[in-house]
Amino acid sequence: MVAKKPSAPAAKLTKAVFGPAATVFEKLQKLDEARAKLDESRQDLLESAKSELLARGQAVVAELKTLGFTYALIEPAKKSHHKQEKGESGIRERAKPQVMCPICKFHTAPQDHDRRSHRNQVLKAPFDAAELARRGLTRI
Ligand SMILES: [Zn+2]
């Protein structure tokens, strides 16, 4: 371990850096290969363990059935998890971007409106409180 101590002068620095970097790259490549193999054997192990357990479970379910109990081995759908994520992040809460009416220049609730809502007005003007109330809208 003492033989290859990196004590290179400045001129040889690039070479000294490039050399180890290349071997590190090779090491990383080998590690990646090893990881791929490990992943594969991990998958194999999981699959065989799963099928073994499923077989056992099905045997138990069959046994229960002989005793008059109806059970089933079910793998729950993974959809609920996604829903939860979306709900928590709140990204999907607003269905469409709120567009402010260019005439009123304010948003309304429960829904926004646009200039088409003003087509009955002779003089285009922002909705007043009475008009908003008539339309079931509130200014926000
Ligand atoms: Zn408006």
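Within each chain, residue numbers correspond to sequence positions counted from 1 in written order. In keeping with the predicted nature of the model, local features appear solely for residues at pLDDT of at least 70, side-chain atom pairs appear and are counted solely at 80 or more, and the whole-chain, interface and lining totals rest on all residues. Derived side-chain values reflect all non-hydrogen atoms in the structure, with water molecules and hydrogen atoms excluded from consideration.

J.: Can you lay out the side chain of T108 for me, pointing to particular residues and giving the numbers?
T.: A helix here means a DSSP run of H or I that spans at least four residues, while a strand means a run of E at least two residues long, and both kinds are numbered starting from the N terminus. In this structure, T108 sits in strand β1 (residues 108-109). Each residue is assigned to one of three classes by its accessible area relative to the maximum for its type, calculated with a 1.4 Å probe on protein chains only: buried under 20%, partly exposed between the two thresholds, exposed over 50%. Residue T108 is classed as buried on the basis of its relative accessible area of 2%. Polar contacts, as used here, are pairs of N or O atoms within 3.5 Å; protein pairs need one atom able to donate a hydrogen and one able to accept it. Residues neighboring in sequence count only if both atoms are side-chain atoms. For T108, the side chain forms a polar contact with the main-chain oxygen of Q111, separated by 2.8 Å. Here the side chain of T108 touches H113 through a polar contact of 3.1 Å, side chain to side chain. In this structure T108 touches H113, L132, L137, T138 and I140, once residues within four positions along its chain are discounted. Contacts are residue-level and defined by heavy atoms, with any inter-residue pair within 4.5 Å sufficient.

J.: A description of the coordination of the zinc ion should follow, citing residues and the corresponding values.
T.: Only C101 (SG), C104 (SG), H113 (NE2) and H118 (NE2) from the protein reach the zinc ion as donors, at distances of 2.0 to 2.3 Å. In this analysis a donor is any N, O or S atom within 2.8 Å of a metal ion (3.2 Å for sodium, potassium and calcium), and since water is not included, sites may seem incomplete. Here a site with four donors is tetrahedral if all angles are between 85 and 135 degrees, and a site with four or six donors is square planar or octahedral if opposite donors are over 155 degrees apart and the other angles are between 65 and 115; anything else gets the irregular label. Around the zinc ion sit four donor atoms; with metal-centred angles ranging over 100 to 123 degrees, the donor geometry is tetrahedral. For the zinc ion, the single-chain donor residues occur in sequence as C-x2-C-x8-H-x4-H. Residue classification places H113 among the buried positions, given a relative accessible area of 7%. Take H118: its relative accessible area is 0%, and that puts it in the buried class.

J.: Lay out the pattern of salt bridges in plain terms, naming residues and giving numbers.
T.: By salt bridge we mean one thing: a side-chain nitrogen of Lys or Arg within 4 Å of a carboxyl oxygen of Asp or Glu. Tallied over the entire structure, the rule returns four salt bridges. Between D32 and R35 there is a salt bridge, with the nearest N and O atoms lying 2.9 Å from each other. Taken together, the positions of D32 and R35, both in helix α1 (residues 13-66) and three residues apart, correspond to about one turn of that helix.

J.: Summarise a negative patch on the surface; cite the residues concerned and give the values.
T.: On the surface, D39, E40, D44 and E47 cluster together into a negatively charged patch. Turning to its location among the elements, E47 is positioned in helix α1. Its relative accessible area of 44% is what places E47 among the partly exposed residues. Each patch is built from residues lacking any salt bridge and having more than 30% relative accessible area; the joining distance is 9 Å for like charges and 5 Å for nonpolar side chains (Val, Leu, Ile, Met, Phe, Trp, Tyr). All accessible areas in this document rest on Shrake-Rupley with a 1.4 Å probe, and a residue is counted as covered only by the protein chains that are shown. Neither His nor the chain termini are counted; the positive set is Lys and Arg, and the negative set is Asp and Glu. One atom stands in for each charge, and that atom is NZ of Lys, CZ of Arg, CG of Asp or CD of Glu.

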